[in-house]
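Here's the letter readout for the chains.
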Amino acid sequence: MSELTGRLAVFKTYKLYVGGKFPRSESGRVYEVTDSKGTWLAHAPLASRKDARDAVVAARKAFGGWSGATAYNRGQILYRVAEMLEGRRDQFVAEVAAAEGLSKAKAAAQVDAAIDRWVWYAGWSDKVAQIAGGANPVAGPYFNLSSPEPTGVVAVLAPQDSSFLGLVSVIAPAVVTGNTVVVVAAEDAPLPALSLAEVLATSDLPGGVVNLLSGRTAEIAAPLAAHQDVNAIDLAGADAELARDLEVAAADNLKRVLRPTPVNWSADPGTGRLLTFLETKTVWHPKGT
């Protein structure tokens, strides 16, 4: 209780984000989240295998509507998310500073870069087809046209070393192209991700497009890698041993796998991740006489 105000402190309850709703873990488990100095910050939900499966169901349900939306519409929705992130900038600065042991100035730089990156990816929504598709020269009286299409449901292991900028850098390129995602937040620093869920829920983003889970990365990632209805997996947050095991599990249904590599999340991201979870559809059409 505060001696100055006589009020009891109201601690925030963090929850998972699945299908546009905020459930607790079905197991009822939580785990302690501390700052870089070991000071208690909050209890985060400890997601289970059942939570992971529920998130895949939600992502698959949302895929048809999200992938079928116009690219312009997706871009507008994602830009709205950036607007709302800007409005809650101070909250994210505080959470990133605590999670990563950064000064307020350095945490602010990370948050600003994350918001800018979200805007940058939103702008690619109606432009990616120009670099990933086109008309192909063929011999014969045909038009041969290639166009990019989303892969489907993508499991994403968020980076462990960048709780917000890295998180945005793996979510935004997957969803802007029409995929839906199940994201496993950084194990030791999940709070910025769980707060991002609150922004997504109050934006125009349809429920199920982004699903956020917190807990033990290896425990949640295993059922996602083996799940028959997950089409691809980004192993950004896995160590070498875990990544090897997950890649073996992912091979069972020929998932597309993005292996973990050292990344400077502050550097220009380029278009690599934007193009990773796209398939190319090629159509032949006879030319008119």
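Report on the accompanying structure. (Residues numbered from 1 in each chain as written. Predicted model: local features only at pLDDT ≥ 70, side-chain atom pairs only at ≥ 80, totals over all residues. Heavy atoms only, no water.)

**Observations regarding helix α7 (residues 191-201)**
For an α-helix the count is 3.6 residues per turn, leaving residues at separations of three or four pointing the same way.
Part 1 of the argument: Here α7 lies mainly inside the structure; nine of its eleven residues are buried.
Part 2 of the argument: Within the sequence span of α7, burial applies to L191, P192, A193, L194, S195, L196, A197, V199 and L200. (Buried < 20%, exposed > 50% of the residue type's maximum accessible area, 1.4 Å probe, protein only. Helix = DSSP H or I, 4+ residues; strand = E, 2+ residues; numbered from the N terminus.)

**Considerations on helix α3 (residues 89-100)**
Part 1 of the argument: For α3, with twelve residues, the first-to-last C-alpha span of 16 Å sits near the 16 Å given by 1.5 Å per residue.
Part 2 of the argument: Listing the buried residues of α3 in full gives F92, V93, E95, V96 and A97.
Part 3 of the argument: The inward-facing, buried residues of α3 abut α2 (71-87), α4 (104-123) and α7.
Part 4 of the argument: Downstream of α3 by one or two residues, G101 has phi in the positive range, about 65°. (Expected span 1.5 Å × (residues − 1). Contact = heavy atoms within 4.5 Å.)

**A closer look at the side chain of D234**
Part 1 of the argument: Mapped onto the fold, D234 is located in strand β8 (residues 232-234).
Part 2 of the argument: With relative accessibility at 0%, the residue D234 sits in the buried group.
Part 3 of the argument: The residues contacting D234, other than those within four sequence positions of it, are A155, V156, L157, V170, L258, R273 and F277.

**Considerations on the sheet that holds strand β5 (residues 153-157)**
Part 1 of the argument: Taken in spatial order, the five strands of this open sheet run β7-β6-β5-β8-β9, and their pairing is parallel. What marks the edges here is a single partner per strand, and that holds for β7 (210-213) and β9 (256-258). Here the strands of the sheet are splayed against their neighbours by 15° on average, with no regard to which way each runs.
Part 2 of the argument: In terms of strand pairing, strand β6 (residues 180-184) meets β7 through four bridges, oriented parallel. Each residue of the ladder has a partner; that of V182, found in β7, is N211.
Part 3 of the argument: In the packing of helix α6 (residues 165-176) onto the sheet, the strands contacted are β5, β6, β7 and β8, and the crossing angle to β6 comes to about 165°.
Part 4 of the argument: Sheet strands in contact with helix α8 (residues 217-226) are β5, β6, β7 and β8, and its direction is about 150° off that of β6. (Pairing = 2+ DSSP bridges. Axes fitted to C-alpha atoms, helices over the stretch in contact; angles between N-to-C directions.)

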